[in-house]
Amino acid sequence: MTTHDVAIVGGGCVGLSVAKHLAERTDLDVAVLEKEYHLAEHQSGRNSGVLHPGFNYPPESEKARFATEGTRRMKEYCAEHDIPCEELGVLVVATDDSEEARLGELAEQAEANGVEYEMLDSQEEIQEYEPHAVGQAALRAPEAASVDSQQYVYTLGREVQRKGVTLYLGHEVTGVRETGDGYRLATSNSDIDADVLVNAAGLHADTLAHQVGVGEEYQVVPFRGEYYEVTPDRAHLCQSMIYPTPDPDLPFLGVHYTRRSDGKVIVGPNAVLAFGREAYENTDFDLADLKETLTYDGFWKLIADPMMIRVAWDELNKSYRKEKFAEASQKLVPEVRERDLNKSYAGIRAQLLSEDGELVKDPLFVETDDAVHILNAVSPGFTSSLPFGDHIASLVEEKL
Ligand SMILES: Cc1cc2nc3c(=O)[nH]c(=O)nc-3n(C[C@H](O)[C@H](O)[C@H](O)COP(=O)(O)OP(=O)(O)OC[C@H]3O[C@@H](n4cnc5c(N)ncnc54)[C@H](O)[C@@H]3O)c2cc1C
């Protein structure tokens, strides 16, 4: 039986960041257990790769703190480790009066959170930055950046191994059991014992937590986000990042344009209920996962809200009908045509849903005497990963 002081389940940006901070500050024997044979296979390697500098989040919230600090620390980390990171800035565009009023709220949040911004009050001012975008006003945040998210995760993986962390790839944790002085983790390979457990299993975090009676009032509901790539001859339609004004009632930011650090322009993601936690194609489904979603009270409470039905129908249409996706993209950049968009990758968000039918919008972790279960490492979880992992590592240190 192999024994470690700390076992971290999940080698995404969150689990690896916890490992990095423990390895830097302690002599603890730390292991990361990752079910895949390659890193960055799920959320951390299948996102927009945007550093959100913090204007989207209420002042003094954890999201605001982690995002502003995370943006700064990630840029330093990328510079130090040669990870592609382009500080292109973002334009959040309002296309009507109600959206313009919401931009004012974002500006107040930017001010309070110490995030740099400028307000653009006309189409002409918007087009000085993005000649093909349309809107009546925009908030520009120059600190937003585009990062190669997969390179970031691989770099973290190499770094933690250099610092003495054992990285078990191809080790799916299939069972978690309390032993009285720690945990026994049954895996698809050998069993592993640990004094302290960190559950950073993303899309499967709730399943593992439920096995030890934690977080039973929540369930992860998978929401797929699909991307299209703008053909290279039309990539000039977006110079930086162009976002719609976010709807405060929804946890997702809406279809947006991102110029990636490799110069490709992607559009997306939508947010459609996935028929499986890893159902990356809209033809994929997993019967067990689907049954879990459909037998969860919280899911039926969520979709009892007529607004949610309307949103779900729109998003489903964008998934199965390319012309609907193109229509949503034209709201920000009318010149884009359906033929300019090529299907690209998809990511699946591990969105936590409470049994009351509430989509949990804030990061959520549950601590016990000898474990931390990260149940909702919700967006901007990539941006926040360094300070968030640092924080979880300090909670673990207190337990040992
Ligand atoms: C489409 C999309 C777009 C996004 N865009 C952005 C963005 O632009 N900016 C931003 O800041 N955030 C963004 N996010 C959010 C961000 O990607 C996530 O918050 C973050 O990646 C979460 O990291 P994680 O380590 O918790 O999860 P993951 O990356 O999913 O890592 C969890 C790991 O656990 C492993 N695992 C699961 N179960 C087990 C098991 N039983 N045993 C062993 N290993 C297991 C998985 O294989 C996986 O590698 C986006 C997310 C999505 C899906």
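Residues numbered from 1 in each chain as written. Predicted model: local features only at pLDDT ≥ 70, side-chain atom pairs only at ≥ 80, totals over all residues. Heavy atoms only, no water.

Undergrad: Looking at this structure, how should I read the site of the ligand?
TA: In the region of the ligand, 37 residues are neighbours, and Glu-34, Ser-44, Val-173, Ala-377 and Thr-383 sit closest. A distance of 3.4 Å is found between an oxygen atom of the ligand and a backbone nitrogen or oxygen belonging to Gly-381. Look at the ligand: alone it shows 1000 Å² of surface, and the protein chains cover 97% of it. Elements with a contribution of two residues or more to the shell around the ligand: helix 1 (13-25) and strand 18 (341-354). Here the element with the most residues in the shell around the ligand is strand 18; it accounts for three residues. Of the residues in the shell around the ligand, the class split is 14 nonpolar, 17 polar and six charged. When residues are assigned to domains, the shell around the ligand turns out to be shared by domain 1 (1-49 + 148-217 + 362-400) and domain 2 (219-230 + 265-354), each giving three or more. (Near = heavy atom within 4 Å. Polar contact = N/O pair within 3.5 Å; in protein donor to acceptor, adjacent residues only side chain to side chain. Areas by Shrake-Rupley, 256 points an atom, 1.4 Å probe, with all protein chains shown as cover. Helix = DSSP H or I, 4+ residues; strand = E, 2+ residues; numbered from the N terminus. Nonpolar A, V, L, I, M, F, W, Y, C, P; charged D, E, K, R; others polar. Domains from an automatic or database assignment.)

Undergrad: What is the right way to read a nonpolar patch on the surface from this model?
TA: A surface patch of nonpolar side chains, about 450 Å² in accessible area, is lined by Phe-275, Phe-285, Leu-287 and Tyr-320. Mapped onto the secondary structure, Tyr-320 falls in helix 9 (residues 306-320). (Patch = residues over 30% accessible without salt bridge, like charges linked within 9 Å, V, L, I, M, F, W, Y side chains within 5 Å. Salt bridge = Lys/Arg side-chain N within 4 Å of Asp/Glu carboxyl O.)

Undergrad: I'm lost on the nonpolar core in this one. Help?
TA: Looking at soluble globular proteins, one finds that nonpolar side chains tend to be buried together. Residues Ile-8 and Tyr-152 are the most contacted members of the largest nonpolar core, which totals 39 residues. The biggest single contributor to this core is helix 1, with seven residues. Filtering out sequence-adjacent residues up to four positions away, Ile-8 remains in contact with Gly-15, Val-18, Ala-19, Leu-22, Val-30, Ala-31, Val-32, Leu-33, Val-198 and Ala-200. If you look at the next biggest cluster of nonpolar residues, it comprises 31 residues, including Ala-31, Leu-33, Tyr-183 and Leu-185. (Core = buried A, V, L, I, M, F, W, Y, C linked by side-chain atoms within 4.5 Å. Buried < 20%, exposed > 50% of the residue type's maximum accessible area, 1.4 Å probe, protein only. Contact = heavy atoms within 4.5 Å.)

Undergrad: Is there a simple way to think about the packing of helix 2 (residues 62-81) against helix 11 (residues 385-399) in this case?
TA: Two quantities define a packed helix pair, namely the angle between the helix axes and the distance between the axes. It is the contact of helix 2 with helix 11, at a shortest axis distance of 6 Å, that shows an interaxial angle of 110 degrees. Here helix 2 is positioned roughly perpendicular relative to helix 11, judged by the angle of their axes. Facing helix 2, whose interface residues are Phe-66, Glu-69, Gly-70, Arg-73, Met-74 and Tyr-77, helix 11 presents Ser-385, Leu-386, Pro-387, Phe-388, Asp-390 and His-391. Here the residues of the contact of helix 2 with helix 11 sort into six nonpolar, three polar and three charged. (Axes fitted to C-alpha atoms, helices over the stretch in contact; angles between N-to-C directions. Parallel < 35°, antiparallel > 145°, perpendicular 65-115°, else oblique.)

Undergrad: Looking at this structure, I do not really get the UniProt feature "domain: FAD dependent oxidoreductase" (unreviewed entry) in the chain. What am I missing?
TA: Within this structure's numbering, the places UniProt gives as "domain: FAD dependent oxidoreductase" (unreviewed entry) are residues 5-395. The straight-line gap between the two end C-alpha atoms of residues 5-395 is 14 Å; of that span, 32% is helix and 26% is strand. (UniProt positions renumbered as here; feature names shortened; annotations may be inferred.)

Undergrad: Help me out: how do you make sense of helix 3 (residues 97-113) in this one?
TA: The α-helix winds at 3.6 residues per turn, so residues separated by three or four positions along the chain end up facing the same way. End to end, helix 3 covers 25 Å across 17 residues, agreeing with the expected 24 Å (1.5 Å per residue, within 8%). Among all positions in helix 3, only Glu-99, Leu-103, Leu-106, Ala-107, Gln-109, Ala-110 and Asn-113 are buried. For helix 3, the buried positions fall inside an angular range of 165 degrees around the axis, keeping them on one side. What points out from helix 3, more than 90 degrees from its buried face, is the exposed set Asp-97, Glu-108, Glu-111 and Ala-112. Against helix 2, strand 5 (90-94), strand 6 (118-120) and strand 7 (137-141) lie the buried residues of helix 3. Two residues or fewer past helix 3, Gly-114 is found with a positive phi of approximately 70 degrees. (Expected span 1.5 Å × (residues − 1). Arc of directions from axis to C-beta.)

Undergrad: How should I be thinking about the pattern of salt bridges in this particular structure?
TA: Oppositely charged side chains are able to pair whenever their charged atoms sit close together. For the coordinates displayed, the defined rule picks out 25 salt bridges. Linking Lys-20 and Glu-159 is a salt bridge whose minimum nitrogen-to-oxygen distance equals 3.2 Å. With Lys-20 in helix 1 and Glu-159 in helix 5 (residues 149-162), this residue pair connects regions lying 139 residues apart in the sequence. With a relative accessible area of 7%, Lys-20 lands in the buried category. The buried category is assigned to Glu-159, whose relative accessible area is 4%. Close ionic contact of Lys-324 with Glu-327 constitutes a salt bridge, the shortest N to O distance being 3.7 Å. Linking Lys-324 with Glu-327, this pair stays in helix 10 (residues 322-330), spanning three residues, or about one helical turn.

Undergrad: Before we go on, may I ask you to explain unusual backbone geometry in this structure?
TA: Residues other than glycine predominantly adopt negative phi, and peptide bonds predominantly adopt the trans conformation. Geometrically, the link from Gly-268 to Pro-269 is a cis peptide bond, its omega value of 0 degrees lying close to zero. Mapped onto the elements, Pro-269 comes out in the loop between strand 16 (265-268) and strand 17 (272-273). Geometrically, the link from Ser-379 to Pro-380 is a cis peptide bond, its omega value of 10 degrees lying close to zero. With respect to the helices and strands, the residue Pro-380 is situated in the loop between strand 20 (371-376) and helix 11. You will see that Asp-82, though not glycine, has its phi angle at about 60 degrees, which is positive. Note on placement: Asp-82 falls in the loop between helix 2 and strand 4 (85-86).

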